[in-house]
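Here is what each chain is made of, one letter per residue.
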Amino acid sequence: MENLLKSYKDKLNDIINKLEAKIRLEDNMDSVLEDVRNELSSWGRDNLKNMYLELKDYVEKNSPDFIKNNEEKWKTMLDKAEALSEYGLYVAPIDLLKESEMPTKAFMVGAGTLLSSLLLTKIASKKAKLIPSLFTSILSGVAAYYVLEGDKTEKIRESAINYVEDARDWIDTAFENMYRIFKDAQ
C-alpha cells in the first residue's frame, strides 16, 4: 500500500512540474490561471477516487480475513474513504490572482490625485484649479496603470506558482488521509 501512495505522490509531482512550466512559459496569465485551477481540481479528484478504488481492491485481494473479521470497521472505512474521495479535496479559487483589478487601481490613483491636486491648489492659491488638477489626475492614472502593469505579470506568475505549490500540499494531504484510512487493513 505504501508503494501505491508513493506512485500517486510521484504522479502529483509530475503534474505540478508540468503546470509550473506552463505558468512560467505563458504570457497571457488570465487564460492560463483558470486552466491551471481546473486541471488541478479535476486531476486531484480523479486521482483521489482512483486511489480509493485501488486501495479498496488491494485490501479485498490481500486481506480478506480483515474484512471478514471486521465487517463494521470495513464499512466505516469505506464510508470515510468514499466521502474523502468526493468531498475531501479543496482547490482554492484563483480569482484573486487575476489581472482585472489593475484598471481599478489606476483609476483610484487618478481620482486620489485629482482630489489632492484640487485641495493643494485651493490651499496654495485660494482657488481650486480644475483644468491643471484634471490633467495631473489623468497623467497620474495613466502612469500608475503602466507602472503597475509592468510588474504585475511577474507578480501574478509568482503567485500562480505559489498557488500550485499550495495545491500540491492540499492534494498530497488528501492522498495521505486516504492512505491512513486503509492502513489498518494491511
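Given the structure is predicted, the values throughout are model-derived calculations rather than measurements.

Which residues make up the packing of helix α2 (residues 29–62) against helix α4 (residues 71–87), and what are the values?
Interhelical geometry of α2 versus α4 gives an angle of 165 degrees and a closest axis separation of 8 Å. On the basis of the axis angle, α2 is roughly antiparallel to α4. Between α2 and α4 lies a crossing whose hand is left-handed. Packed against α2, whose contacting residues are Arg45, Leu48, Lys49, Tyr52, Lys56, Val59 and Glu60, the element α4 presents Trp74, Leu78, Ala81, Glu82, Leu84, Ser85 and Glu86 at the interface. Within the contact of α2 with α4, the residues separate by chemical class into 7 nonpolar, 1 polar and 6 charged.

Tell me about the confidence of the model for the protein chain, residues and numbers included.
The share of residues in the protein chain with pLDDT of 70 or more is 65%, and the mean pLDDT across the chain is 78. Mean pLDDT across the secondary structure elements of the protein chain bottoms out at helix α5 (residues 102–125), with 58, and peaks at helix α1 (residues 2–25), with 94.

Before we move on, could you go through the packing of aromatic side chains and cite the residues and values that matter?
What the rule picks out here adds up to 5 aromatic pairs. A ring pair is formed by Trp43 and Phe175, whose centres lie 6.2 Å apart and whose planes are at 65 degrees; its orientation type is edge-to-face. Within this pair, whereas Trp43 is found in helix α2, its partner Phe175 is found in helix α6 (residues 130–183), the two being separated by 132 residues in sequence. Here Trp43 and Phe175 have matching classes, each one buried.

Describe a negative patch on the surface, listing the residues and the values that go with them.
A cluster of acidic side chains, namely Glu71, Glu72, Asp79, Glu82 and Glu86, defines a negative patch on the protein surface. Inspection of the secondary structure assignment puts Asp79 in helix α4. You can call Asp79 exposed: its relative accessible area is 53%.

Basis of the calculations
- Residues numbered from 1 in each chain as written.
- Predicted model: local features only at pLDDT ≥ 70, side-chain atom pairs only at ≥ 80, totals over all residues.
- Heavy atoms only, no water.
- Axes fitted to C-alpha atoms, helices over the stretch in contact; angles between N-to-C directions.
- Helix = DSSP H or I, 4+ residues; strand = E, 2+ residues; numbered from the N terminus.
- Parallel < 35°, antiparallel > 145°, perpendicular 65-115°, else oblique.
- Left-handed = near helix turned anticlockwise from the far one by under 90°.
- Contact = heavy atoms within 4.5 Å.
- Nonpolar A, V, L, I, M, F, W, Y, C, P; charged D, E, K, R; others polar.
- pLDDT = per-residue confidence, 0-100.
- Phe/Tyr/Trp six-rings, centres within 6.5 Å; stacked < 30°, edge-to-face > 60°.
- Buried < 20%, exposed > 50% of the residue type's maximum accessible area, 1.4 Å probe, protein only.
- Patch = residues over 30% accessible without salt bridge, like charges linked within 9 Å, V, L, I, M, F, W, Y side chains within 5 Å.
- Areas by Shrake-Rupley, 256 points an atom, 1.4 Å probe, with all protein chains shown as cover.
- Salt bridge = Lys/Arg side-chain N within 4 Å of Asp/Glu carboxyl O.
- Lys, Arg positive; Asp, Glu negative; His and termini not counted.
- Charge placed at Lys NZ, Arg CZ, Asp CG, Glu CD.

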